[in-house]
Amino acid sequence: MIRINENFLKLQSSYLFADIAKRVDAYQKQHPNQTIIRLGIGDVTRALPAACIEALHKGTEDMAQESTFRGYGPEQGYLFLREKIAQYDFQARGAEVEADEIFVSDGAKCDTGNIQEIFAGDIRVAVPDPVYPVYVDTNVMAGRTGAFGNGRYEGLVYLECTRENHYVPALPAEPVDLIYLCFPNNPTGATITREQLATWVDYARQHNALILYDSAYEAFIRDERLPRSIYEIEGAREVAIEFRSFSKTAGFTGTRCAFTVVPKNCMAHTADGRTMALHGLWNRRHTTKFNGVAYPIQRAAEAVYSPAGQAQTRALTDYYLKNAAFIRQAFAAMGYACVGGDHSPYIWIDARRDAWEFFDLLLQKAGVVCTPGAGFGKCGAQYIRLSAFNSYENVQKAMERIRAALI
Ligand code: PLP
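Residues numbered from 1 in each chain as written. Predicted model: local features only at pLDDT ≥ 70, side-chain atom pairs only at ≥ 80, totals over all residues. Heavy atoms only, no water.

1. Things to note about the environment of Thr188
- Following the sequence through the fold, Thr188 ends up in the loop between β7 (178–182) and α6 (194–206).
- Setting aside anything within four residues of it in sequence, one finds Thr188 in contact with Pro130, Tyr167, Val339, Gly340, Tyr346 and Trp348.
- A polar contact is formed between the side chain of Thr188 and the backbone nitrogen of Ala190, at a distance of 3.1 Å. (Helix = DSSP H or I, 4+ residues; strand = E, 2+ residues; numbered from the N terminus. Contact = heavy atoms within 4.5 Å. Polar contact = N/O pair within 3.5 Å; in protein donor to acceptor, adjacent residues only side chain to side chain.)

2. Digging into the site of the ligand
- As a matter of local geometry, the ligand sits amid 15 residues, with Asn186, Asp214, Tyr217, Ser245 and Ser247 nearest to it.
- Backbone polar atom of Ala108 to an oxygen atom of the ligand: 2.8 Å apart, as the coordinates give it.
- Here the ligand loses 91% of its free accessible area of 400 Å² to cover by the protein chains.
- For the ligand, the cavity whose grid points lie within 2 Å of the majority of its atoms is the largest pocket.
- The set of elements that each furnish at least two residues to the shell around the ligand consists of α4 (108–114) and α7 (246–250).
- Tallied by class, the residues present in the shell around the ligand amount to seven nonpolar, four polar and four charged. (Near = heavy atom within 4 Å. Areas by Shrake-Rupley, 256 points an atom, 1.4 Å probe, with all protein chains shown as cover. 1 Å grid on protein atoms, 1.4 Å probe; cavity = no way out; pocket = protein on both sides within 12 Å on 5 of 7 lines; lining within 4 Å. Sits in = over half its atoms within 2 Å of the grid points. Nonpolar A, V, L, I, M, F, W, Y, C, P; charged D, E, K, R; others polar.)

3. A short note on the nonpolar core
- Residues Ile179, Ile211, Phe246 and Phe252 are the most contacted members of the largest nonpolar core, which totals 50 residues.
- In this structure Ile179 touches Ala126, Leu159, Trp200, Tyr203, Ala209, Leu210, Ile211 and Leu212, once residues within four positions along its chain are discounted.
- Among the nonpolar cores identified, the runner-up in size contains 44 residues, and Leu16, Val44, Tyr320 and Ala351 belong to it. (Core = buried A, V, L, I, M, F, W, Y, C linked by side-chain atoms within 4.5 Å. Buried < 20%, exposed > 50% of the residue type's maximum accessible area, 1.4 Å probe, protein only.)

4. Considerations on the sheet that holds β7
- Taken together, the seven strands give an open sheet; going across it, the order is β2-β10-β9-β8-β7-β3-β6, and neighbouring strands pair in mixed fashion. Because the sheet does not close on itself, it has two edges, and the strands there are β2 (102–105) and β6 (157–160). Averaged over all pairs of adjacent strands, the angle between their axes in this sheet comes to 20 degrees, without regard to strand direction.
- Where strand β3 (residues 125–129) lies against β6, four bridges are found, and the strand directions are parallel. (Pairing = 2+ DSSP bridges. Axes fitted to C-alpha atoms, helices over the stretch in contact; angles between N-to-C directions.)

5. Examining helix α2 (residues 50–64)
- Helix length check: α2 (15 residues) gives 21 Å between terminal C-alpha atoms against 21 Å at 1.5 Å per residue, within 8%.
- Every buried residue of α2 is accounted for by Ala51, Cys52, Ala55, Gly59 and Asp62. Looking straight down α2, one finds that the buried residues subtend no more than 95 degrees of arc, so they occupy a single side. Among the exposed residues of α2, those pointing more than 90 degrees away from its buried face are Glu54, His57 and Ala64.
- The inward-facing, buried residues of α2 contact α9 (295–302) and α10 (307–333). (Expected span 1.5 Å × (residues − 1). Arc of directions from axis to C-beta.)

6. Description of the domain arrangement of the protein chain
- The assigned domain composition of the protein chain is domain 1 (6–47 + 308–406) and domain 2 (53–305).
- Counting residues at the interface gives 36 residues for domain 1, matched by 44 residues for domain 2.
- Interface area, domain 1 with domain 2, both sides summed: about 3300 Å², of which 60% is carbon and sulfur.
- Between domain 1 and domain 2 we count two salt bridges in total.
- Here Arg163 makes a salt bridge to Asp350, at a shortest N to O gap of 3.1 Å.
- Connecting domain 1 to domain 2 are 18 residue pairs in polar contact (both at pLDDT 80 or more).
- Counting residues per element, the ones that place at least two in the side of domain 1 that touches domain 2 are α10, β13 (338–340), β14 (346–350) and β17 (383–387).
- Residue contributions to the side of domain 1 that touches domain 2 peak at nine residues, all from α10. (Domains from an automatic or database assignment. Buried area = accessible area lost by both parts, 1.4 Å probe. Salt bridge = Lys/Arg side-chain N within 4 Å of Asp/Glu carboxyl O.)

7. Examining the layout of surface pockets
- Computed from the structure, the largest pocket encloses a volume of approximately 1300 Å³.
- Every residue lining the largest pocket is counted, 41 residues in all, and those nearest its centre are Phe17, Tyr132, Pro133, Val134 and Phe376.
- If one sorts the elements of the lining of the largest pocket by residue count, helix α5 (residues 133–141) sits on top with five residues.
- The two domains that each donate at least three residues to the lining of the largest pocket are domain 1 (6–47 + 308–406) and domain 2 (53–305). (Points joined across faces, edges and corners; volume = space filled by probe spheres on them.)

8. Focus on the pattern of salt bridges
- Inspection of the entire model under this criterion finds 25 salt bridges.
- The salt bridge involving Asp129 is made with Arg152; its shortest N-O contact spans 2.6 Å. Residue Asp129 is found in strand β3, and its partner Arg152 is found in strand β5 (residues 152–153); the two are separated by 23 residues along the sequence. Take Asp129 and Arg152: they sit in the same class, and that class is buried.
- Among the ionic contacts, a cluster of salt bridges with common partners joins Asp89, Glu218, Arg228, Glu242 and Arg244.

9. Some remarks on the pairing of strand β8 (residues 210–214)
- Counting buried positions along β8 gives five out of five residues, so the element sits mostly inside the fold.
- Neither face of β8 is exposed, since Leu210, Leu212 and Asp214 on one face and Ile211 and Tyr213 on the opposite face are all buried.
- When β7 meets β8, the two strands line up parallel, connected through five bridges. Looking across to β8, one finds that Leu181 is bridged to Tyr213.
- Following the backbone out of β7, through α6 and into the adjacent parallel β8, one traces a crossover that is right-handed.
- The pairing of β8 with strand β9 (residues 240–245) spans four bridges and is classified as parallel. Among the inter-strand pairings, Ile211 is bridged to a residue of β9, identified as Ala240. (Right-handed = clockwise from strand over helix to strand, strands pointing away.)

Given below as structure tokens:
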């Protein structure tokens, strides 16, 4: 008899987006002439930068000639890309990261989901609340939690991100081994200062903990004082793994390219107390289960670092940030407390009522779709997330309609 991994039965079905789609469908049927504006999704809407497209075409041409054709590439990614990443994303900012500490992959979703495989089954895991659900669900699948009840899984430590702490959680009050942090944050859009991040690095060093730092949205940071990488913090190399993605930086959500940094001196322990480098372990896992990102895609990602690519990706994120600023200002002017939107494409709005009730209000009265914060955790029960991934015209129209509906 083949038996299933029963941990999967503990998972809460992802009702969130299915529920949203159901409500939107019903509304559209009742109002066939209304154009619905979607500000709920976390997917980019603008075309790839020209520099990336040019490199993608050139990479495809390389595959058409025997002299330049490539078969399997290195599982960790081509050196041409890893060297650019190390130089531009890290060394140029004073963060010590070498090309051979970078693992190119097809997504930060896969990497943030897969990384937990290299850790013991009984470690104590801390996750933010609200949270990018991948961190939680992959630990549930791996059996690191008990049952779900009252909005939370037994056995996980939840780091509450609230208005009071400006959406940067306090250090855990109980012992934890693995800590997921994400800044600029999805869903809140909040950022962390260098000093705040340093307290987390110090905590990890003092408590033999490890930080999994998701900086998928770092390209939206405009304040140079804010850290883009955890490795800008002294001592982080020994206690942190970082995840990055070209998805939001350069519009690669459908193109797929990301990377994970595992510094060679980042350590964990065996049951009998020996110290082991996580780099070797992740390399073993990655090379066993992954066969590399397509060559033309890696060429397209490399083009992000060319002078034209840098200017074009900046213009792309600037475009979304202009939308974000517009949304945030519109809600702030109506008296709503908001966070995010200044260094992030997300705006987290205190709805002062049940998130689904506010969702329905925006849909029914304005024809605008948001994401109810309740889908990201208990702390999101009275919040909504709006996303800046749309055209500026649609964002303006959406805010006009919302203003008319709410005032
Ligand atoms: N991490 C966070 C916080 C995200 O919000 C997302 C995507 O929405 C990802 C990772 C996934 O990125 P990728 O497209 O590289 O899988």
